[in-house]
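# Geometric and topological summary
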Amino acid sequence: VQLQASGGGLVQAGGSLRLSCTASGFTFSSYAEGWFRQAPGKEREFVARITWSGASTYYADSVKGRFTISRDNPKNTVYLQMNSLKPEDTAVYYCAADRNRRGAEYDPNEYDYWGRGTQVTVSS
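These numbers were taken from a predicted model, which means no experiment stands behind them.

Moving on: the pairing of strand E1 (residues 2-6). Consecutive residues of a regular strand have side chains that alternate between opposite faces of the sheet. Here E1 shows a clear split, with Leu 3 and Ala 5 buried on one side and none of Gln 2, Gln 4 and Ser 6 buried on the other. Pairing of E1 with strand E3 (residues 17-24), which is carried by five bridges, proceeds in the antiparallel orientation. The residue of E3 that forms the bridge with Leu 3 is Ala 23.

If you want it as structure tokens, here you go:
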């Protein structure tokens, strides 16, 4: 099982980035996918989630209206489009897969597979 996140980098405040996470080794379309982030000295926090079909999405209040999660099941890939980035969005971003493929889930402990993360740095 592998989740490979990419697309992070350094961007100025107000800018945009698009993260990708490509999965292998499990039936991607049977899992919900989530994005989490962790800043230095802080706990890992929920960012966004998409159910197996893409029909439902969930967002942290801090990113609602700025971030969009989407998925392409034939490509085994989930995306996180991040617009209007702020310095407080700076963190390592992780993608994760949850075999409970429906509904909301904000607890990182409930996710089954994790990628290694990609660094996002937003300068002011």
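In this section: the nonpolar core. Within the largest apolar cluster, 34 residues are counted, with the highest numbers of intra-cluster contacts made by Trp 35, Val 47, Phe 67, Ile 69, Leu 80, Met 82 and Tyr 93. Of all elements in the fold, only E1, E3, strand E4 (32-38), strand E5 (45-50), strand E7 (67-72), strand E8 (77-82), strand E9 (91-98) and strand E11 (118-123) reach the threshold of two or more residues within this core. Here the element with the most residues in this core is E9; it accounts for five residues. If near-sequence neighbours (up to four positions away) are discounted, Met 82 is found in contact with Gly 15, Ser 16, Leu 17, Leu 19, Arg 66, Phe 67, Tyr 93 and Val 120.

Now for the packing of aromatic side chains. If you walk through the whole model with that rule in mind, you get nine aromatic pairs. Considering the side-chain rings of Phe 26 and Tyr 113, the 5.0 Å spacing of their centres and the 50° angle between planes classify their relative orientation as tilted. Note that Phe 26 is positioned in the loop between E3 and E4 and Tyr 113 in strand E10 (residues 113-114), a separation of 87 residues in sequence. You can call Phe 26 buried: its relative accessible area is 12%. Centre to centre, the rings of Phe 36 and Trp 114 are 5.1 Å apart; their planes meet at 55°, and the pair counts as tilted. Highlighted residues: Phe 36 in strand E4 and Trp 114 in strand E10, separated in sequence by 78 residues.

Analysis parameters
- Within every chain, residues take consecutive numbers counted from 1 along the sequence as written.
- Reporting of local features is limited, given that this is a predicted model, to residues whose pLDDT is at least 70; pairs of side-chain atoms are given and counted only at 80 or more, and all residues count toward the totals for whole chains, interfaces and linings.
- Note that water and hydrogens are dropped before the side-chain values are worked out from all heavy atoms of the structure.
- Buried residues are those whose accessible area, probed at 1.4 Å on protein chains only, stays under 20% of the maximum for their type, while exposed residues exceed 50% and partly exposed ones sit between those limits.
- A run of H or I in DSSP counts as a helix once it spans at least four residues, and a run of E counts as a strand once it spans at least two, with each numbered from the N terminus.
- Strand pairing requires that DSSP identify at least two bridges connecting the strands.
- In this text, buried Ala, Val, Leu, Ile, Met, Phe, Trp, Tyr and Cys residues form a nonpolar core when linked through side-chain atoms within 4.5 Å.
- Note on contacts: a residue pair qualifies if any of its non-hydrogen atoms lie within 4.5 Å across the two residues.
- Classification of ring pairs rests on two measures: the distance between centres of Phe, Tyr or Trp rings, Trp counted by its six-membered ring, which must be within 6.5 Å, and the angle between planes, read as stacked under 30 degrees, edge-to-face over 60 and tilted in between.

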